[in-house]
Amino acid sequence: MDMAPSAPSLPTTALPTVNRRRVATAAALASAVEWYDYFVFGIAAALVLGDLYFPAGSSTAAVLASFATFAVGFLARPIGGIVAGHLGDKRGRKPMLVLALTLMGLATTGIGLLPTYDTIGVAAPILLVALRVVQGIAVGAQWGGAMLLATEYAPEGKRGIYGSVVQLGVPIGVVTANTVFLLAGAFTTDTGFAAWGWRVPFLIGLFVLALAWYIHAKVEETPEFREAERALAEKEKSEQSSPLRTILRGHLGTVLLAGGSFAVNTATFYILITGVLDYTTRELDMKKSAVLTVSLCVSLTQLVLIPAAAALSDRYGRIRIYTIGAIGIAAWAIPLFLLIDTGSLLWLAVATFVASCFLSIMYGPQAALFAELFTPEMRYTGASLGYQIAAVAGGGLAPFLMVLLLEATGTSMAVSGYIIALSVIALISIKVLAGRARSH
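The rules behind these values
Residues numbered from 1 in each chain as written. Predicted model: local features only at pLDDT ≥ 70, side-chain atom pairs only at ≥ 80, totals over all residues. Heavy atoms only, no water. Salt bridge = Lys/Arg side-chain N within 4 Å of Asp/Glu carboxyl O. Buried < 20%, exposed > 50% of the residue type's maximum accessible area, 1.4 Å probe, protein only. 1 Å grid on protein atoms, 1.4 Å probe; cavity = no way out; pocket = protein on both sides within 12 Å on 5 of 7 lines; lining within 4 Å. Points joined across faces, edges and corners; volume = space filled by probe spheres on them. Helix = DSSP H or I, 4+ residues; strand = E, 2+ residues; numbered from the N terminus. Nonpolar A, V, L, I, M, F, W, Y, C, P; charged D, E, K, R; others polar. Contact = heavy atoms within 4.5 Å. Axes fitted to C-alpha atoms, helices over the stretch in contact; angles between N-to-C directions. Parallel < 35°, antiparallel > 145°, perpendicular 65-115°, else oblique. Left-handed = near helix turned anticlockwise from the far one by under 90°. Phe/Tyr/Trp six-rings, centres within 6.5 Å; stacked < 30°, edge-to-face > 60°. Lys NZ or Arg CZ within 6 Å of the ring centre and 35° of its normal. pLDDT = per-residue confidence, 0-100. Expected span 1.5 Å × (residues − 1). Arc of directions from axis to C-beta.

Digging into the pattern of salt bridges
Line of reasoning, step 1. Scanning the entire structure with this criterion turns up four salt bridges.
Line of reasoning, step 2. For R282, the salt bridge goes to E283, with nearest N and O atoms at 3.1 Å.
Line of reasoning, step 3. By relative accessible area, which is 40% here, E283 ends up partly exposed.
Line of reasoning, step 4. Between R318 and D314 there is a salt bridge whose closest N-O contact spans 2.7 Å.
Line of reasoning, step 5. Residue classification places R318 among the buried residues on the basis of a relative accessible area of 5%.
Line of reasoning, step 6. Members of the salt-bridge network, linked through shared partners, are D278, R282 and E283.

As for the layout of surface pockets
Line of reasoning, step 1. In this structure, the largest pocket spans a volume of roughly 260 Å³.
Line of reasoning, step 2. Lining the largest pocket are 16 residues; nearest its centre among them are A46, L47, V48, D51 and T281.
Line of reasoning, step 3. Going through the elements one at a time, α1 (17–53), α2 (59–91) and α13 (252–282) are the ones with two or more residues in the lining of the largest pocket.
Line of reasoning, step 4. Element by element, the count of residues in the lining of the largest pocket is highest for α1, at seven residues.
Line of reasoning, step 5. The residue makeup of the lining of the largest pocket, split by class, is nine nonpolar, three polar and four charged.

Comments concerning empty space enclosed by the protein
Line of reasoning, step 1. This structure, assessed with the given rule, holds four cavities of 30 Å³ or more.
Line of reasoning, step 2. Its volume calculated, the largest cavity comes out at about 170 Å³.
Line of reasoning, step 3. Along the wall of the largest cavity there are 15 residues; nearest its centre are L272, I273, S295, V298 and T352.
Line of reasoning, step 4. No other element matches the six residues that helix α14 (residues 288–316) contributes to the lining of the largest cavity.
Line of reasoning, step 5. Across the lining of the largest cavity, the residue classes break down as 10 nonpolar, five polar and no charged.
Line of reasoning, step 6. Of the voids in this model, the second largest cavity is the one considered here, and its volume is about 130 Å³.
Line of reasoning, step 7. Lining the second largest cavity are 16 residues; nearest its centre among them are V170, N265, F269, Y363 and Y387.

A few points about unusual backbone geometry
Line of reasoning, step 1. Its identity as a non-glycine residue notwithstanding, D285 has a phi of 60°, on the positive side.
Line of reasoning, step 2. Considering the arrangement of structural elements, one finds D285 in the loop between α13 and α14.
Line of reasoning, step 3. You can call D285 exposed: its relative accessible area is 66%.

Concerning the side chain of T108
Line of reasoning, step 1. You can see T108 is positioned in helix α3 (residues 93–113).
Line of reasoning, step 2. Apart from the residues lying within four places of it in its own chain, the contact partners of T108 are D37, V40, Q135, F202 and G205.

Description of the packing of α13 against α14
Line of reasoning, step 1. Taken N-terminus to C-terminus, the directions of α13 and α14 make an angle of 150°; their axes are 10 Å apart at the nearest point. When the axis of α13 is compared with that of α14, the two are roughly antiparallel. You can see that α13 and α14 cross each other, and the crossing is right-handed. For the pair α13 and α14, contact is made by I273, L277, T280 and T281 and by K288, V291, L292 and S295, respectively.
Line of reasoning, step 2. A per-class count over the contact of α13 with α14 returns four nonpolar, three polar and one charged.

Section: the environment of F70
Line of reasoning, step 1. Inspection of the secondary structure puts F70 in helix α2.
Line of reasoning, step 2. Spatially, the C-alpha atoms of F70 and L128 are 9.9 Å apart, while their sequence positions differ by 58 residues.

A short note on the packing of aromatic side chains
Line of reasoning, step 1. Considering all chains together, one arrives at eight aromatic pairs under this definition.
Line of reasoning, step 2. Ring centres of F262 and Y363 lie 5.8 Å apart, and the angle between their planes is 20°; on these two criteria the pair is classed as stacked. Placement of the pair is F262 in helix α13 and Y363 in helix α16 (residues 345–372), with a sequence separation of 101 residues. For the pair F262 and Y363, a shared accessibility class is recorded, and that class is buried.
Line of reasoning, step 3. Between F269 and Y270, the ring centres sit 5.1 Å apart and the planes meet at 85°, which makes this aromatic pair edge-to-face. Y270 shares its class with F269; the two are buried.
Line of reasoning, step 4. Every member of this aromatic cluster is reached through a ring pair, and the members are F262, Y363, F370 and Y387.
Line of reasoning, step 5. Across the ring face of F41, the terminal group of R132 is positioned such that the distance to the ring centre comes to 4.4 Å.
Line of reasoning, step 6. Sitting over the face of the ring of F193, K288 holds its NZ or CZ atom 4.1 Å from the ring centroid.

Concerning the confidence of the model for the chain
Line of reasoning, step 1. Looking at the chain as a whole, the pLDDT averages 81, with 88% of positions reaching at least 70.
Line of reasoning, step 2. A low-confidence stretch, residues 1–15 stays under pLDDT 50, and its non-local contacts, those more than four residues away or across chains, total 44 contacts.

What about helix α18 (residues 398–409)?
Think of an α-helix as turning once every 3.6 residues; residues three or four places apart then point the same way.
Line of reasoning, step 1. The end-to-end C-alpha separation of α18 is 16 Å, in line with the 16 Å expected for 12 residues at 1.5 Å each.
Line of reasoning, step 2. Regarding α18, the residues found buried are A398, P399, M402, V403 and L406. Projection of α18 onto a plane perpendicular to its axis shows the buried side chains occupying an angular sector of 140°, all on one side.
Line of reasoning, step 3. Looking at the residues trailing α18, positive phi occurs at G410, about 75°.

Written out as C-alpha cells, the structure reads:
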C-alpha cells in the first residue's frame, strides 16, 4: 500500500519524451550549479574564511564566527522560499528558477572578489554576511522551482524518479565543490591558497548565469502550472487569492510536519560535509586533502543511491522508504562518531558512507513526497516552506552546534545525541503524515 500523503494526482499530459528529458536535464543542472555555489561557502568556512574575515584570539572562535555566517544563509532561505513560492504559484515556476540562479551567480562571484579583513577592516565580514544572505535567498527560491519543473513534467507513476534528478544536484554540487577545492589546493602552496586559491571555486560560480539564460530561453513552463494558472485566473475574478495565505490558514500543520520530517537529513548532511571537515582537520589532525577526497568519493555513491531510493518509492510508497532512512540515521548516529574518532581515514570513509546511504534513502523520495502534499496552485509555496524550515532547523545550525557541543562536552557523542533527537522528531512527523494519508 502506498502510504504517501494524498493529494490530487498530477495529471498525465501528452508530451514528447525529448521535451521531458530536456526539462529534467535543465532542472538537474540548475540544482547542481546552485548547490555547488552554496557548498563552496561551507567548505571555505571550514578551511579559510574564519582566519581571513573573522580574526580572533583562538581558532575555535574564528571557526564559530565563520560557521555562524554559514548559518545566516540558512536563516535567509525561508525568505527565498516564501517570495519565490508565492510568485511561482501565481506567475510560474520557470521565472523564479531563473531569478534564483541569477542571484546565486552574482552573490557567489561577489564572495570570490571580496577583500579580506586585513584590506578593508570590518566592512569585509559585513559584506560577507550580506552576500551569504543573498545566497540563502537564492537557494531558498531555487529548490521549489527545479523540483516542480521535474515532477510536474513526470509521466504517471514516475514522479519519484523524476524528482530525484533534482536531488542529484546535491551530491553533484558536493563532488564538484570538493574537486575544485582539491585542485586549487594541489596547484597552490598553503600561502597561495590562503591568499587567492580559495577564491577560484567562487569565481567559477559565475557560469551559473549561462544556465539561467538557457532555462529562460529554451525551457517551457510546466503543463500542470498552466492548468492551475487557468483555474487561478477564474478564481481571481471573484476574489483575491494568495498561495501563502492559503498555506498559513489551512495547511501550516502539513508544512511544519514536512519540515520536522526532514530536519535530521539536512543536519546530518551538513555535519558530514562541513562539521566533520573542520573536526577531523582541526581536532584529529587529519589531512585536509584526504578528508576532502573521502567526502568526494562518498558523494559519488549518492548519484546511484538517490535515484534507486526514488524508484523504490514509486513502487512501494514514499513514506515507507522515507521512514527506513530516518530509522537508519538514528541507529548509525553513535557508530558514526565512534569510527570517526579513531582518526583512521578508512574508518572515516566507512562511517560517512553508511551515513550517506541512509541520507540518500530519505533524500531520493523527498521531492515527490513534498510535491504530493500540496495541490498545484499552492505547491511551490508549501513544498518550499517545508523544505526551508527543515534547512533552518537542521542544516543551518548543525556545524555551529557541533562545534559548541564538542567544546562544551569534550565528546563527539554529544553530536550523536543531537542527531538522534532530530531523528525522533522526524519519525514522529512521518507517523503523523502517514496517519493523515490514511484518513483521506
